[in-house]
Amino acid sequence: MARPGLRVKLSSIWRVFWLMRTVVDFALPQETYAPHSIRTEGHLTLGGLFPVHARGADGTPCGDLKKENGIQRLEAMMYALDQINQDEQLLPNITLGARVLDTCSRDTYALEQSLTFVQALITKDTSDVRCTNGEPPVFVKPEKVVGVIGASASSVSIMVANILRLFQIPQISYASTAPELSDDRRYDFFSRVVPPDSFQAQAMVDIIRALGWTYVSTIASEGSYGEKGVEAFTQLSKEAGGICIAQSLKIPHNPKLEDYDKAIQQLLETQHSRAVIIFASEEDIRGVLNATKRANQVGHFLWIGSDSWGAKTSPTHQLEDVAVGAVTILPKRSSIKGFDEYFTALTLENNRRNVWFAEFWEENFDCRLLSASKREDTSRKCTGQERIGINSKYEQEGKVQFVIDAVYAMAHALHNMHRDLCPDHLGVCPQMESAEGKILLKYIRNTSFNGSAGTSVVFNKNGDAPGRYDLFQFQMTNSSTPEYKVVGQWVETLQLRLEELQWPDGEQEVPISVCSLPCKTGERKKRVKGMPCCWHCELCDGYRYQYDETSCSLCAYNMRPNPNRTACQPIPIVKLEWHSPWAIIPVFLAMLGIIATIFVMATFVRYNDTPIVRASGRELSYVLLTGIFLCYIITFLMIAKPDVAVCAFRRIFLGLGMCISYAALLTKTNRIYRIFEQGKQTVTAPRFISPTSQIAITSSLICVQLLGVLVWFAVDPPNTIVDYDEQKTIDPMLARGVLKCDITDLQIICSLGYSILLMVTCTIYAIKTRDVPEDFNEAKPIGFTMYTTCIVWLAFIPIFFGTAQSAEKLYIQTTTLTISMNLSASVALGMLYMPKVYIIIFHPELNVQKRKRSFKAVVTAATMSSRLSQKPNERPNGEAKTELCENPAADPMIVRMKTEMIDSSCKSHITGSKGLLSHNASNHVERSWHPQVHQPLNPSLNYAYEMTDFPGNFSKHPTLVTLICHQPNELACTLYVCLRTTV
């Protein structure tokens with residue numbers, strides 16, 4: 001397979017040969033091949049190419065006459081030549097002639113016509129040619145064309161430029177704007193006084209962006225002008241970004257109505273793309289507008305027309321309603337007043353050099369000159385007295401200025417070349433006649449002068465003029481007659497007066513032409529694959545914010561999106577406030593508890609030496625009350641604003657209050673348990689039951705808690721943190737950072753764990769001492785206290801850990817913890833001290849000194865009470881059972897008692913300091929005894945005595961005697977006696 005580069009090269013070579021053959025074949029007198037042309041004499045001849053006629057239909061090369069684009073532009077060249085030839089400063093002693101041809105708006109026809117320009121450069125061999133008389137023929141050498149003005153359409157200019165460059169004939173176009181012609185390697189002899197469509201396309205891109213349109217369609221006429229213009233627009237829109245092409249349509253050569261209708265239907269497939277870019281010929285523009293009207297879509301499309309539309313009336317004639325709102329572009333121009341005077345003064349008499357002027361006259365005035373006229377739509381005869389602008393409408397065509405500037409550019413280049421090549425020669429010198437076209441091209445590219453409109457005319461290295469455009473809009477006026485209005489300009493940058501724009505159907509705001517509506521703030525664009533201007537809007541939800549148009553980003557852990565989700569803002573920091581309902585309840589309970597604790601403590605201090613206070617164990621009571629007080633105080637530390645000091649005190653006092661309380665209670669219950677347990681085995685007192693020992697034991701237990709806190713301080717110093725996870729809700733607006741101490745839930749439980757261990761141990765001892773005689777040494781109140789406390793803390797644990805994931809964790813856990821500690825303290829305070837305070841304050845008669853009892857008496861009472869509570873079948877073998885006499889003596893000073901023998905190996909005896917022993921037949925003994933009482937007896941209390949005054953041989957055996965008072969008389973009591981001996 002041949003390489004692409006080789007194919008292109010061979011194609012170019014073939015084209016050159018084809019062109020050369022065509023030139024040779026058509027190298028005959030111009031009258032034969034250009035019968036309809038304008039020819040004026042001059043020292044130097046300039047060629048001219050103008051679209052005098054439109055394209056013909058059905059194979060006919062030429063169609064209707066084009067008054068503005070054809071005749072006016074042609075006459076502009078003739079006008080410029082007249083001005084130059086009359087100018088004594090420009091090309092003095094040199095006149096410029098012209099050879100003007102009609103292109104019929106068709107590139108192939110224009111190529112045939114342009115062969116006329118190269119005839120003088122072709123040498124033909126006529127040596128074998130003879131006339132009938134045998135003489136060699138005399139050939140009239142055609143004039144040499146030094147340069148060509150034209151063409152108008154880019155497709156025509158491209159075709160002509162290919163042949164003119166072969167013969168090095170410079171070409172200056174007045175209207176061809178195709179970007180392809182900027183290629184200096186292929187079209188090196190081509191120049192233009194109008195800017196290329198690359199500038200025009202850039203202006204269109206700027207207009208689209210200024211109007212906020214992102215989704216547009218394009219329509220191009222088949223050929224270099226339309227296709228290259230759309231190609232330039234597409235490329236620039238991609239580079240600019242934000243503009244997408246919805247449809248890119250092409251109108252074929254020789255289009256039919258169906259082609260235009262099909263194009264409109266295709267445009268309607270993308271309803272949101274209302275803006276349409278048109279790079280098309282006048283005929284195609286008019287065809288598209290007609291098809292839009294047939295589709296009943298008047299006002300739907302928003303047209304952006306290229307310079308081929310410009311400010312012309314022909315494309316919009318009788319289609320004004322469809323074209324309203326169209327924004328068009330035209331290279332910046334000015335109306336040439338001199339040309340208006342020249343053109344309106346033309347008549348059939350003074351303009352015989354223009355072979356098409358008679359046809360123009362008929363068309364312009366709608367009349368017929370001769371019977372042989374081609375016009376058949378009118379019978380009105382022309383008088384020749386009609387005047388342009390008076391009997392017909394006249395408006396200077398937009399490209400007239402550029403035609404004049406193109407002719408002047410060629411004249412200035414010739415003038416400069418004549419000055420350099422013929423410095424001392426009047427007229428055209430031989431050096432100038434023989435100069436190659438590339439020399440003239442060099443002078444053209446270096447030409448710089450003020451044009452007919454006062455603007456500078458210059459060329460860049462590619463032969464292009466700078467981009468300067470006027471922007472027009474086709475608007476309805478007060479007279480309801482639409483017309484073009486200048487709404488801005490483009491000179492390297494866009495200057496568009498948006499407030500002057502008008503839109504179809506009276507829309508006040510700029511209509512939209514977008515694939516997707518803009519996303520709201522806080523939403524990102526999720527692009528549709530393959531359509532960068534189409535997207536779905538997706539909310540940046542959660543803790544994300546809109547980072548840019550197409551992406552969301554996650555806020556930092558301590559930030560949340562602002563309300564419109566365009567940035568992040570700090571998450572508000574909260575703490576448990578004093579006025580919160582979560583704080584009011586525990587604070588209220590704590591204050592009541594503190595007041596009650598202070599009251600109890602004050603009462604005990606006030607009545608410190610009374611029997612009840614002393615019997616309560618003053619030392620441990622004060623320790624216990626201190627722990628209760630600290631349990632209430634911790635509530636205020638838990639609610640206070642966290643800082644390093646508060647966090648340090650929280651660690652210290654969180655478990656210390658409970659530790660002090662339960663350490664004191666554990667010491668008490670342990671003391672009672674040891675006394676009663678050891679009393680079952682011996683009457684020897686247990687160790688460490690004195691008040692000093694009790695304080696020492698309690699202090700040791702408390703020191704374990706303090707030691708743990710010190711280790712905690714060393715390993716993890718106290719600090720405050722802001723916990724953003726605790727209240728990081730689904731809705732970021734509800735998120736809060738919680739200011740709290742750096743204490744985890746596990747650390748709280750560990751801090752309380754030791755106290756809970758003391759509490760459980762104390763409860764176990766309370767259960768073991770539950771059978772102690774009623775009202776004996778606080779055993780039962782302590783037991784009830786511990787049972788209630790266990791229930792409180794068993795309820796605390798599931799609440800505390802069950803709310804660990806709750807958004808209200810801070811409030812629930814703090815409130816639960818403080819209330820649990822308040823309740824624990826209140827239970828201990830209420831059950832252990834309130835009854836005593838009640839007796840002290842309201843029943844002081846009960847707060848009296850009791851009989852002093854030895855430890856042995858206490859042990860005896862405990863032992864006897866325990867044994868008497870057992871069932872007979874549960875007692876050990878050989879143990880006596882004693883019961884109250886059924887019929888006691890009337891004398892209250894004598895106590896009767898009956899003893900039952902359990903077996904023969906153990907005998908029970910009743911003895912006393914003053915008594916009488918007797919036996920009966922049932923092996924029972926009965927004895928009356930008068931006890932020696934040294935102080936009044938309280939009938940509500942139990943007393944135990946150790947009897948050592950035994951008679952006879954019983955004195956060496958201990959006798960346990962329990963005296964239980966059952967009447968409010970001091971001496972009316974029941975005596976229980978059990979003597980254990982071996983007989």
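Residues numbered from 1 in each chain as written. Predicted model: local features only at pLDDT ≥ 70, side-chain atom pairs only at ≥ 80, totals over all residues. Heavy atoms only, no water.

Section: the overall build of the chain
Counted only if it meets this: Counting from the N terminus, the helices are the DSSP runs of H or I reaching at least four residues and the strands are the DSSP runs of E reaching at least two. Whether two residues touch is decided by their heavy atoms; if any such pair falls within 4.5 Å, the residues are in contact. A 1.4 Å probe and the Shrake-Rupley method give the accessible areas. Residues count as covered only by the protein chains that appear here.
From N to C terminus, the chain includes 25 helices and 34 strands. Restricting the contact set of the chain to residue pairs at least 6 apart, pairs at least 24 apart contribute 65%. Per element, the accessible surface of the chain, about 47800 Å² overall, is 56% carbon and sulfur.

Considerations on the packing of aromatic side chains
Going by this rule: In this scheme Phe, Tyr and Trp rings, the latter by its six-membered ring, pair at centre separations within 6.5 Å, and the angle between planes marks the pair as stacked below 30 degrees, edge-to-face above 60, and tilted otherwise. Burial classification: accessible surface area is computed with a 1.4 Å probe over protein chains only, and a residue below 20% of its type maximum counts as buried, one above 50% as exposed, and the rest as partly exposed.
In the structure shown here, the tally under the stated rule is 20 aromatic pairs. Here F343 and Y394 contribute two aromatic rings whose centre-to-centre distance is 5.5 Å and whose plane-to-plane angle is 25°, an arrangement assigned as stacked. You can see F343 sitting in helix α11 (residues 337-344) and its partner Y394 sitting in the loop between α12 (357-365) and α13 (400-421), a full 51 residues away along the chain. With a centroid separation of 6.1 Å and an interplanar angle of 55°, the aromatic rings of Y469 and W490 are classed as tilted. Of this pair, Y469 sits in strand β16 (residues 469-475) while W490 sits in strand β17 (residues 483-491), placing them 21 residues apart in sequence. For the pair Y469 and W490, a shared accessibility class is recorded, and that class is buried. Taken together through their ring pairs, the aromatic side chains of Y79, F339, Y342, F343, F357, F360, W361, F365 and Y394 make up a single cluster.

Regarding the sheet that holds strand β1 (residues 37-40)
Rules: Here, any two strands with at least 2 DSSP bridges between them count as paired. Whenever a helix is involved, its axis is fitted only over the stretch in contact; in every case the axis is a line through C-alpha atoms, and angles between N-to-C directions fall within 0 to 180 degrees.
Reading across from one edge, β1-β5-β2-β6-β7-β8 is the order of the six strands in this open sheet, with mixed pairing throughout. In this open sheet, the two strands that pair with only one neighbour each are β1 and β8 (190-192). For this sheet the average axis-to-axis angle between neighbouring strands, irrespective of direction, equals 20°. Summarising the sheet, β1 and strand β5 (residues 96-102) pair through four bridges and their orientation is antiparallel. Across the sheet, the residue bridging to I38 is V100, located in β5. Against the sheet, helix α3 (residues 67-86) engages β1, β2 (44-50), β5 and β6 (145-149), with an angle of about 175° to β5. Taken strand by strand, helix α15 (residues 437-445) contacts β6, β7 (171-173) and β8, and its axis lies near 25° from that of β8.

Some points on the environment of I756
On the secondary structure map, I756 appears in helix α21 (residues 745-768). What makes I756 partly exposed here is its relative accessible area of 21%. Considering only alpha carbons, one finds I756 and M658, 98 residues apart in sequence, at a separation of 8.2 Å.

Quick look at helix α20 (residues 691-715)
Note the following rule: Each helix should span, by expectation, one fewer than its residue count multiplied by 1.5 Å.
Relative to the 36 Å expected for 25 residues at 1.5 Å per residue, α20 spans 37 Å between its end C-alpha atoms, a close match to the ideal helical length. Inspection of α20 places S693, Q694, T698, L701, I702, Q705, V709, W712 and F713 among the buried residues, and these make up the whole buried set.

Description of the pattern of salt bridges
Quick reminder of the rule: Counted as salt bridges are all cases of a side-chain nitrogen of Lys or Arg within 4 Å of a carboxyl oxygen of Asp or Glu.
All told, the structure shown has 25 salt bridges when counted by the stated rule. Residue R445 pairs with D184 through a salt bridge whose shortest N-O separation is 3.6 Å. With R445 in helix α15 and D184 in the loop between β7 and β8, this pair connects stretches of sequence that are 261 residues apart. Of the residues examined, D184 reaches a relative accessible area of 31% and is grouped as partly exposed.

As for the sheet that holds strand β26 (residues 720-727)
The mixed open sheet is built from three strands, whose spatial order is β25-β27-β26. Edge positions in the open sheet fall to β25 (573-574) and β26, since each of these has one partner strand only. For β26 and strand β27 (residues 736-741), the ladder comprises five bridges, and the chain directions are antiparallel. In the strand pairing of β27, V722 is matched with L739.

So, the pairing of β27
Among the six residues in β27, five count as buried, and that is most of the element. As judged from the two bridges shared by β25 and β27, these two strands associate in the parallel manner. Paired with V574 across the strands is V738, a residue of β27.

Description of the state of the cysteines
Note the following rule: By definition, disulfides here are pairs of cysteine sulfur atoms that lie within 2.5 Å.
All chains considered together, the criterion is met by eight disulfides. Note that C62 is cross-linked by a disulfide to C104, the S-S spacing being 1.6 Å. Here the S-S torsion is close to 80°, and the disulfide linking C62 with C104 is therefore right-handed. Placement of the pair is C62 in strand β4 (residues 62-65) and C104 in the loop between β5 and α4 (107-114), with a sequence separation of 42 residues. The partly exposed category is assigned to C62, whose relative accessible area is 22%. Shown here is the disulfide that connects C519 with C537, its sulfur atoms set 2.1 Å apart. In this structure the cystine formed by C519 and C537 twists about its S-S bond by roughly -95°; its chirality is therefore left-handed. Residue C519 is located in the loop between β18 (493-496) and β19 (523-528), and its partner C537 is located in strand β20 (residues 531-539); the two are separated by 18 residues in the primary sequence. Owing to a relative accessible area of 37%, C537 belongs among the partly exposed residues under this scheme. In this structure C703 is a free cysteine whose sulfur lies 9.0 Å from that of C659, the closest cysteine sulfur available.

Regarding α21
Worth spelling out the cut-off: Note that the bend at a residue is defined as the angle between axes fitted to the seven residues ending at it and the seven residues starting at it.
Counted at 1.5 Å a residue, the expected span for α21 with its 24 residues is 34 Å, and the 33 Å between its end C-alpha atoms agrees. Along α21, the sharpest change in direction is near 40° and occurs at G753. For α21, every residue scored as buried is listed here: D745, I748, S751, L752, Y754, S755, L758, M759, C762, T763 and A766.

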